[in-house]
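Summary of structural features
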Amino acid sequence: MRPEREMAVTFGDAMPVSPAPKRLPVGRMSPSSGILRAWQRMSKLWASGPAGRVLARAIRGHIRRAYGCYIAPTTKVGEAVYLPHPVGVVIGDNAVIADGVTIYQNVTIGQDGAAGRCPRIGAGATIFAGATVIGDIEIGAGAVIGANAVVKTSVPAGHIAVGVPARILPPSRRAAL
């Protein structure tokens, strides 16, 4: 069960939680909300030009020191992205993270070096601890990337990627895991 759904069940929330809620899943004081608010400010300043980039660099340093993670200012991040343990998370330039994605600690999402293009992560995907997702690939909506997986090929929606290098498992195998 996803963490935001656990919170809704634990505290007796009568309203069902959608896969991509329009609010932050845990609350205003969670690490996710602090990181994303700072990232939003940094991203706007970065886009404003050279003068704004000086302040954006200061905010980027704050995110690194306070939360132990790096999100590039040119990354596109959707709503309700959840970083339950943000330490060690690195999200490179021009990556696209859709709504409702959960990213655990020590995850790297970035360029493969040669092409210089970053992955696109679909809505509701979950990336578990230590995973590496690199290159010009797409992770489909609702896909799951297993812990410590190294993903260099696209993962279809609803599928699971596990191992080094990652093997793609069909959705029907989820019950067997």
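Each chain carries its own residue numbering, running from 1 in the written order of its sequence. Local features in this predicted model are restricted to residues whose pLDDT is 70 or higher, and side-chain atom pairs enter the listing and the counts only when it is 80 or higher, whereas totals over whole chains, interfaces and linings include all residues. The side-chain numbers reported here are obtained from all heavy atoms of the structure, hydrogens and water having been left aside.

Things to note about the sheet that holds strand 9 (residues 132-134)
For two strands to be treated as a pair, DSSP must find at least two bridges joining them. Under the scheme used here, helices are H or I runs from DSSP no shorter than 4 residues and strands are E runs no shorter than 2 residues, and both carry numbers assigned from the N terminus. The sheet built from five strands is open, its strands ordered 1-3-6-9-12 with parallel pairing. With one partner strand each, in any of the chains shown, strand 1 (70-71) and strand 12 (150-151) form the two edges of the open sheet. Inspection of the sheet shows strand 3 (residues 90-91) paired to strand 6 (residues 108-110) by two bridges, in the parallel sense. The residue of strand 6 that forms the bridge with I91 is I109.

Looking at the environment of V87
Considering the arrangement of structural elements, one finds V87 in the loop between strand 2 (76-77) and strand 3. When the C-alpha atoms of V87 and V107 are compared, they prove to be 8.9 Å apart, with 20 residues separating the residues in sequence. Only heavy atoms matter for contacts: two residues are in contact if any of them lie within 4.5 Å across the pair. In this structure, V87 is in contact with Y67, G68, Q105 and N106, ignoring residues within four places of it in sequence.

Brief notes about the confidence of the model for the protein chain
Of the residues in the protein chain, 78% reach a pLDDT of 70 or more, and the chain-wide mean stands at 79. pLDDT expresses how confident the predictor is about each individual residue, on a scale running from 0 to 100. Across the protein chain, strand 12 holds the top mean pLDDT of 94, while helix 1 (residues 3-10) sits lowest at 42. With pLDDT under 50 throughout, residues 1-27 is counted as low confidence; its partners more than four residues away or in other chains account for 35 contacts.

Details of the pattern of salt bridges
Each salt bridge in this description consists of a side-chain nitrogen of Lys or Arg and a carboxyl oxygen of Asp or Glu lying within 4 Å of one another. Per the stated rule, a full pass over the model turns up three salt bridges. We note a salt bridge from D136 to R117, for which the minimum N-O separation is 3.7 Å. Placement of the pair is D136 in the loop between strand 9 and strand 10 (138-139) and R117 in the loop between strand 6 and strand 7 (120-121), with a sequence separation of 19 residues. Classification of D136 as partly exposed rests on a relative accessible area of 37%. Only protein chains enter the accessibility calculation, which uses a 1.4 Å probe; a residue whose area is less than 20% of its type maximum is buried, one above 50% is exposed, and one in between is partly exposed.

Observations regarding the sheet that holds strand 11 (residues 144-145)
Spatial strand order, 5-8-11-13-14: five strands in an open sheet with mixed pairing. Lying at the two open borders of the sheet, with one neighbouring strand each, are strand 5 (102-103) and strand 14 (167-169). In this sheet, strand 13 (residues 160-162) lies alongside strand 11 in parallel orientation, the contact comprising two bridges. From the neighbouring strand, V144 faces strand 13, where its bridge partner is I160.

Topic: the nonpolar core
As used in this record, nonpolar core signifies buried Ala, Val, Leu, Ile, Met, Phe, Trp, Tyr and Cys residues forming a set joined through side-chain atoms within 4.5 Å. One finds I103, I109, I139, I145 and V151 to be the most contacted residues of the largest nonpolar core, which totals 37 residues. Setting aside anything within four residues of it in sequence, one finds I109 in contact with V90, I91, G92, A95, I97, I103, P119, I121, I127 and V133.

A word on unusual backbone geometry
The peptide bond linking V164 to P165 adopts the cis configuration, its omega dihedral lying at -10°. Here P165 is to be found in the loop between strand 13 and strand 14. Located in the positive-phi region is A80, a residue other than glycine, with phi close to 55°. With respect to the helices and strands, the residue A80 is situated in the loop between strand 2 and strand 3. At N106, a residue that is not glycine, the phi angle is positive and equals roughly 60°. When its relative accessible area of 44% is taken as the criterion, N106 is described as partly exposed.

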